[in-house]
Amino acid sequence: MQSGTHPQLDETGDEWTPERMQRFFEVREFLLREANLLDQFELERWADHLTEDVEIRVPVRVARDAGSDRPEYSDSNHHLVVGHRDLLERVARLEKEYAWAENPRSRVRHTIGNVQLGEVTADTVEVFNNQVVYRERGTDGESDTISARRRSHLRETDEGFALADRDVFIDHTIVPSRNLTLPLL
Amino acid sequence: MSKAGNRAERAEELIEQTGEALDDGKHPMRIFNDDGIYERELQRIFAKTWNFIGHESELEEPGDYARRYIGEDPYIFVRDEEGELHAFYDSCCHRGAQFVRAEQGNTSHFQCPYHGWTYRNDGELTVVPYEDERYDDLDKEAASLVEAEVETYKGFVFARVVEDGPSLDEYLEEFKWYLDIALDPTEEGLTVVGEPRRVRAEVDWKVPGENFAGDSYHLAHTHGSSFELEYSSSIWERFDAAGPLSQSYSVMTDTHAGEYYLFDEEPIYMDYPEKIEDHMNSDLSERQREMFSKSMFITGTIFPNASIWHGFNPIGGPWASIRLWRPVGPGESEIVSWLLVPKELEDDEEFLERAKAGYQSLSPGGVLEADDTEVWSGISESSNSATAIERDVRADISGGLEESDAVPITDGSHGPGEVIRAGPYLDEVYARTLFNSWHEFMSEQR
């Protein structure tokens, strides 16, 4: 797991070949479609695009002095580490009546930007993106905003890309929303 | 109730009403979210009681420090060069500026960013710029950092704002018997894993504190969706035919309350790897060791707002945790959680994975806590209402007060305090205990 103040994209210096440009647009399209599925709580369809060894992590962020040799994103403590089985269970849970955290559904909107390719191999693409996730709950119009940088690894499968690995580096040391459900990541 | 009265009068009336209503197992709902009550809680409870501020193992090296709070007051939890632990009020004696800007770090000195007054990490003022030119005879000793009382129990560090009061040992009462099992069961003791997790929620600190002290009654309803999941169902097969009801116990001392689940048939050691049996703390009595060996989990609340957990649940574990429901405003808390594991197992990756899976079930992203905070936040909104005052709305914690099928354990086969089998489901005496503590501090009877 990458640590450090911010997950940085190494200068890859890769040339913008036509193939790389095509990869870029394919990957960006994947992220945007995925965000739409999350925003609309189409979670079962979203889960169709996960590899069986997928893991999603949300590390705890700690405010540290500038120049500290300890990482800002904890390497040993997470709000969440979920693998494939747990993700499917969570998707199933949110369909249940008693899943109070998302019944009724939050009004969620991902705005995704700063999409950049990282390392591209024959079957895997590393991609970074920033996001602002707006969440409104309840009936009083109150909302939370969760800002984050993601690093994802997408793997090419027979059905197109699938999410194989993801870190969600939230910008908050104190989670600003009372819970962190799947559609907010 | 003075319907139009000012905030102070209303708060005092609410406190008085709580005292009267508790005899009937009730309290005014409004105390969950009221400005006047909140101000008095900070002054009368959080400044007067022992507050959990951190674990020894968080500060390994001299100079390690962490930003912590007692109620809303900012403190610096630090290990000095001699290895002593302190909790300093984060405010320079000169003009009151704060030293600490990070949650955690390491420093030998705290230098004020305003005028440069500099204190050693044991609180002593060492440098005052232009000292000789500005002062005739500055009493630097009198200008040491204001320091909270600090005491440690089994590695868990507590601090108190006021100087006078019972020792931590006295304050924890007979609850220590259970804390020993939950917080110090093995030879090498518990150690923290990583930094604490923090989340802010519209939840009054009293609500989760009371929940963790013994509310199994909410499990089927608040967490119904999680217990229906495939991976959690296997747990229920491990209970007796009679189900979890008959294996749950409440325990109350004068001030604190908790609950635990025991498997009477076979020792399960909270589902720890078998080697844990060979590493039990020899300070534990035979009865304490027996209780640990039968335990699924132990949880409880050290009044006012530190809740403990040790054991496993349907999602994962075993793991140990201490959680603070830190007040940050009327009806609002910051929930801070620490993960701890026996030092003997801190490098056991397979075990850690299970421990973390359990710990995460009670995180903002966890399937259990996500639903808790959703439910609890509704309490905050509804309590802060004219209706709660005008219609004298009361919370009901009378379950089991007159009679219930819960069974008091009086043969001394468990630990000290009042112990009740099936109490977590059938008797709300755990809640009455905590609200009695609340009332005693708020009415300044302590």
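Rules behind the numbers
Residues numbered from 1 in each chain as written. Chains lettered and ligands numbered in written order. Predicted model: local features only at pLDDT ≥ 70, side-chain atom pairs only at ≥ 80, totals over all residues. Heavy atoms only, no water. Helix = DSSP H or I, 4+ residues; strand = E, 2+ residues; numbered from the N terminus. Rg over C-alpha atoms; globule rule 2.2 N^0.38 Å. Buried < 20%, exposed > 50% of the residue type's maximum accessible area, 1.4 Å probe, protein only. Areas by Shrake-Rupley, 256 points an atom, 1.4 Å probe, with all protein chains shown as cover. Lys, Arg positive; Asp, Glu negative; His and termini not counted. Charge placed at Lys NZ, Arg CZ, Asp CG, Glu CD. Core = buried A, V, L, I, M, F, W, Y, C linked by side-chain atoms within 4.5 Å. Domains from an automatic or database assignment. Contact = heavy atoms within 4.5 Å. UniProt positions renumbered as here; feature names shortened; annotations may be inferred. 1 Å grid on protein atoms, 1.4 Å probe; cavity = no way out; pocket = protein on both sides within 12 Å on 5 of 7 lines; lining within 4 Å. Points joined across faces, edges and corners; volume = space filled by probe spheres on them. Nonpolar A, V, L, I, M, F, W, Y, C, P; charged D, E, K, R; others polar.

### Side note on the overall build of chain A
Logical step 1: Summing up its helical and strand segments, chain A has three helices and six strands in all.
Logical step 2: Counting helices and strands in the order they occur from the N terminus, chain A gives α-α-β-β-α-β-β-β-β.
Logical step 3: Computed over its C-alpha atoms, the radius of gyration of chain A comes to 17 Å, within 12% of the 16 Å expected for a compact globule of 185 residues.
Logical step 4: Taken along the three principal axes of its C-alpha coordinates, chain A extends 50 × 45 × 30 Å.
Logical step 5: Expressed as a percentage of the 185 residues in chain A, the buried residues total 50%.
Logical step 6: A total of about 8,800 Å² of accessible surface is found on chain A, and carbon and sulfur atoms cover 44% of it.
Logical step 7: Positive and negative side-chain charges in chain A, numbering 24 and 37 respectively, have mean positions lying 5 Å apart.

### Looking at the nonpolar core
Logical step 1: Core analysis: the largest hydrophobic core is formed by 136 residues, its most contacted members being Trp 46 and Ile 56 of chain A together with Tyr 260, Ile 302 and Trp 438 of chain B.
Logical step 2: No other element matches helix H15 (residues 429-442) of chain B, which puts eight residues into this core.
Logical step 3: Per-domain counts for this core show at least three residues from each of domain 1 (51-164) and domain 2 (174-443) of chain B.
Logical step 4: Among residues more than four places away in sequence, those in contact with Ile 56 of chain A are Trp 46, Leu 80, Val 81, Val 82, Leu 87, Leu 163, Arg 166, Val 168 and Leu 185 of chain A.

### Some remarks on the UniProt feature "domain: Rieske" (unreviewed entry) in chain B
Logical step 1: Under the present numbering, the feature "domain: Rieske" (unreviewed entry) in UniProt falls on residues 50-159 of chain B.
Logical step 2: Between the first and last C-alpha atoms of residues 50-159 of chain B the distance is 5 Å; the span itself is 4% helix and 41% strand.

### Re empty space enclosed by the protein
Residue and element names in this part refer to chain B.
Logical step 1: Summed over all chains, the structure comprises seven cavities of 30 Å³ or more.
Logical step 2: Space inside the largest cavity adds up to approximately 310 Å³.
Logical step 3: Forming the boundary of the largest cavity are 22 residues, of which His 218, Leu 219, Phe 297, Trp 309 and Leu 368 lie nearest the centre.
Logical step 4: A per-element tally of the lining of the largest cavity places strand S16 (residues 295-302) first, with three residues.
Logical step 5: Across the lining of the largest cavity, the residue classes tally to 13 nonpolar, six polar and three charged.
Logical step 6: Its volume calculated, the second largest cavity comes out at about 130 Å³.
Logical step 7: Along its surface, the second largest cavity is lined by Arg 67, Arg 68, Tyr 69, Glu 103, Gln 104, Pro 196, Arg 198, Leu 324, Arg 326, Glu 334, Val 336 and Trp 338.
Logical step 8: Elements represented by at least two residues in the lining of the second largest cavity include exactly strand S3 (64-70), strand S18 (316-329) and strand S19 (332-342).

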